[in-house]
Amino acid sequence: MALENIGYVEILAGAIVIYFLIVVHQWHHWRVRKAITRTWPVIGMLPGLFHNISRLHDFATEILKKSRGTLEFKGPWFADLDFIITCDPSNIQHILNTNFANYPKGEEFREVFDVLGDGILNVDSDLWRLQRKMFQLWSRRHKNYVSFIARTIQRKMMDELIPFLDRVSETGLDQVNLNRDYYVASNDGVVLLTQQVDLQEAFQRMITFDNAILLIFGINPASHSFKLSKVEYQKAFEDIQQAVFLRHVLPQSCWKLQRWLQIGGEGKLMKARKIFDEFMFRCISIKQEELSRNKSENEEDQDSFGMLTIYMEEKENPYAIKFLKDVALNFVGAARDTLTASLTWFFWLVATHPNVETKILEEIKERLPANMLDHGGYCGGSFGAEELNKLIYLQAALHETFRLYPPIPFNHRTADKVDTLPSGHHVKEKTRVLLSLYSTGRMEEIWGGDCYEFKPERWISEQGGFVYVPFHKYPMFNGGPRTCLGKDMTLVQMKIVAITLLRSYCFQVVEGHPISPDLTVTLYMKHGLKIQLRLEIITRRWTSISDRSASRRATPPAPSQLRAWLGIVAREEQPRGGLDTSPFSAKLTRPPVDFPTTTSAYPSLGRAPPSCSCRKAPPFTGVGEFL
């Protein structure tokens, strides 16, 4: 009779309790066995994903290794989170090339990345072919495309990043205090360290964003007025990226509800889109005015011939302003984000592998003409493809960086029709397929037992030539018909930055600084890259010593010699025996130098080296975090 009094509410409550107990038991069992691919009733593999969300890329690598390169991920029921993830080279070849037509971006991709509109990263078929063709036309319109790319980023470095780093160096010298904060004794000798700088932020704020605008629009944002500051526009773009990434993790119904209510990440996205769209439309307006003015004056400046100019020259069937905005937004995102992330990981790897840095510097000195390197430690020549292609070891180091830390860690595709992958996995219609580029670079079957090591030598043949790896084993620049258009551009830009900065400064990663990938569409460092400059490189430049590798092998200077080289006059000093580590007040008086003191000696840069009185660093703007 008691059972007759039990209602539906009690039955439902009992079922929930039983399910909860089952989940708790399975969770404990999962943690004991560490079965990271456990499939739970109703909620699928979501607990394992959330448990490892802070290390998502390494988690994906682990489950793919256990799954022989391909896994069918099961999400919660009715949440539409099921997908296939793979790093199997045969599957990558099949998806990106052999059966390319069956794996377009798809409508679901377009909805997730609706912020990209009709730009090249978000479209298929005719619109994609049009934008690919226009990019190729633009690159051919330049008389020397490689020199143009190199000249553009070199100019941005000399205008902002180099003065900023010199400012950091000079601040460190002016305030030098030989105590434990700045004074380091090691096997390599005694060095002085500057205050901390976030190199990733410096790249974002001072090079990659403005450089992308220059390449796409042919205008310098610093020369024009905008409603908001550059930092605010960049912050808006970063908010857009974060919101788009969350759409990959949250159930579709969840983020669509947020969008409808304009709350959470979606509410933030709407505000950010409005801000950045305003910036894009302003850049288009500036370029249109410039083209009208140049047409009346019959002028065409190659350096101001941005990629969007090709579209704006179309008069018979002019493109809509919104389409121009979408085209520009896609290329700005690709040019800015991939370069920033790649440079950050590259300089971290080089800074933590001094033997690689030494080999890069030796190669630069041996293979580049002296007239390109005789500008006070800076690169003053006009680089072309011939010169840059000689730097085999540098190119190997860059590709090794891409292998370990691809700027875009995942590639998203959607199956148009039913298919079977070479691995034997069945793909249903409209199934999402994720290519884990991050995991591909960490597969022992492809790269050997040392796949986790930073080893540029794996890219160099016994004859000293560069080893080209097929895209299905190394898909960092996509492959097949959709091979990345900006591959060569990225390599040129990174080579220029590497040559200039490695010859001019010595970077040291701040001790204890955490290094891990961020959870964004682009593989940024989660905590930035905090570095310090070793002031010994400034000493070498002021004393006309350009061969850092040779100088490092020399006997390190005593503290008194170091102070003499830096031109420091001690006012108070109380030695305590042994190494001179006592603090003292100091005033910097620079030693005489033999550099030219006019900018005419540097026609390609239009600037004098930092030790000349005619070259003044701009006021500190706060970019790069100081202690």
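Worth saying up front: this structure is predicted, and the values here are computed from it rather than measured.

Parameters at a glance
Residues numbered from 1 in each chain as written. Predicted model: local features only at pLDDT ≥ 70, side-chain atom pairs only at ≥ 80, totals over all residues. Heavy atoms only, no water. Pairing = 2+ DSSP bridges. Helix = DSSP H or I, 4+ residues; strand = E, 2+ residues; numbered from the N terminus. Axes fitted to C-alpha atoms, helices over the stretch in contact; angles between N-to-C directions. Contact = heavy atoms within 4.5 Å. UniProt positions renumbered as here; feature names shortened; annotations may be inferred. Buried < 20%, exposed > 50% of the residue type's maximum accessible area, 1.4 Å probe, protein only. Polar contact = N/O pair within 3.5 Å; in protein donor to acceptor, adjacent residues only side chain to side chain. Parallel < 35°, antiparallel > 145°, perpendicular 65-115°, else oblique. Phe/Tyr/Trp six-rings, centres within 6.5 Å; stacked < 30°, edge-to-face > 60°. Lys NZ or Arg CZ within 6 Å of the ring centre and 35° of its normal.

Once that is clear, we can look at the sheet that holds strand 9 (residues 432–436). Pairing in this open sheet of four strands is mixed, and the strands run 1-2-9-6 from one edge to the other. With partners counted over all chains shown, the strands left at the sheet margins are strand 1 (70–73) and strand 6 (410–414), one partner each. Ignoring which end each strand starts from, the neighbouring axes of this sheet average 20 degrees apart. Note that strand 1 and strand 2 (residues 83–86) share four bridges and pair antiparallel. Paired with Phe73 across the bridge in strand 2 is Phe83. Contacts from helix 4 (residues 89–98) reach strand 1, strand 2, strand 6 and strand 9 within the one sheet, and its direction differs from that of strand 9 by about 125 degrees.

Turning our attention to the UniProt feature "binding site: heme" (unreviewed entry) in the protein chain. Taking the numbering used here, the UniProt-annotated feature "binding site: heme" (unreviewed entry) corresponds to Cys484. Counting through the fold element by element, Cys484 comes out in the loop between helix 18 (444–447) and helix 19 (487–504). Taking the relative accessible area as the measure of exposure, Cys484 reaches 35% and is therefore partly exposed. Cys484 has contacts with Phe477 and Asn478, leaving out every residue within four places of it along the chain.

Read across the open sheet, the three strands follow the order 5-11-10; overall the sheet is antiparallel. Among the strands making up the open sheet, the edge pair consists of strand 5 (197–198) and strand 10 (507–509). Bridge analysis of strand 10 against strand 11 (residues 530–533) gives three bridges, and the strand direction is antiparallel. Pairing of Gln508 across the sheet is with Gln532, part of strand 11.

Another point: the environment of Ser504. Mapping Ser504 onto the fold places it in helix 19. In this structure the C-alpha to C-alpha distance between Ser504 and Ile162, which are 342 residues apart in sequence, comes to 9.1 Å. In terms of polar contacts, Ser504 uses its side chain to reach the backbone carbonyl oxygen of Thr500, at 2.7 Å.

At their nearest, the axes of helix 8 (residues 199–217) and helix 9 (residues 230–249) sit 11 Å apart, and the two run at 80 degrees to each other. Relative to helix 9, the element helix 8 is oriented roughly perpendicular. Residues Gln204, Arg205, Phe209 and Asp210 of helix 8 lie in contact with helix 9, whose contacting residues are Lys230, Val231, Gln234 and Glu238.

Here we take up the environment of Thr340. Looking at the element boundaries, Thr340 is found in helix 13 (residues 321–351). The residues contacting Thr340, other than those within four sequence positions of it, are Gln200, Phe203, Gln204, Thr208 and Tyr524.

A few words now on the packing of aromatic side chains. Enumeration over the complete set of coordinates arrives at 31 aromatic pairs. Judged by centre distance (6.3 Å) and plane angle (80 degrees), the rings of Trp447 and Tyr474 are edge-to-face. Linking Trp447 in helix 18 with Tyr474 in the loop between helix 18 and helix 19, this pair joins segments that are 27 residues apart in sequence. For Trp447, a relative accessible area of 11% translates into the label buried. Relative accessible area serves as the criterion here: at 7%, Tyr474 is assigned to the buried category. Seen in terms of ring centroids, Tyr505 and Phe507 are 6.3 Å apart; in terms of plane orientation they differ by 50 degrees. Their pairing is tilted. Residue Tyr505 shares its accessibility class with Phe507, and that shared class is buried. Ring pairs connect the aromatic residues Phe209, Phe226, Tyr233, Phe237, Phe276 and Phe279, which therefore count as one cluster. Sitting above the plane of the Tyr405 ring, Arg442 keeps its charged end 5.1 Å from the centroid. Here the guanidinium or amino end of Arg442 rests over the ring plane of Tyr438, the centre of that ring lying 3.9 Å away.

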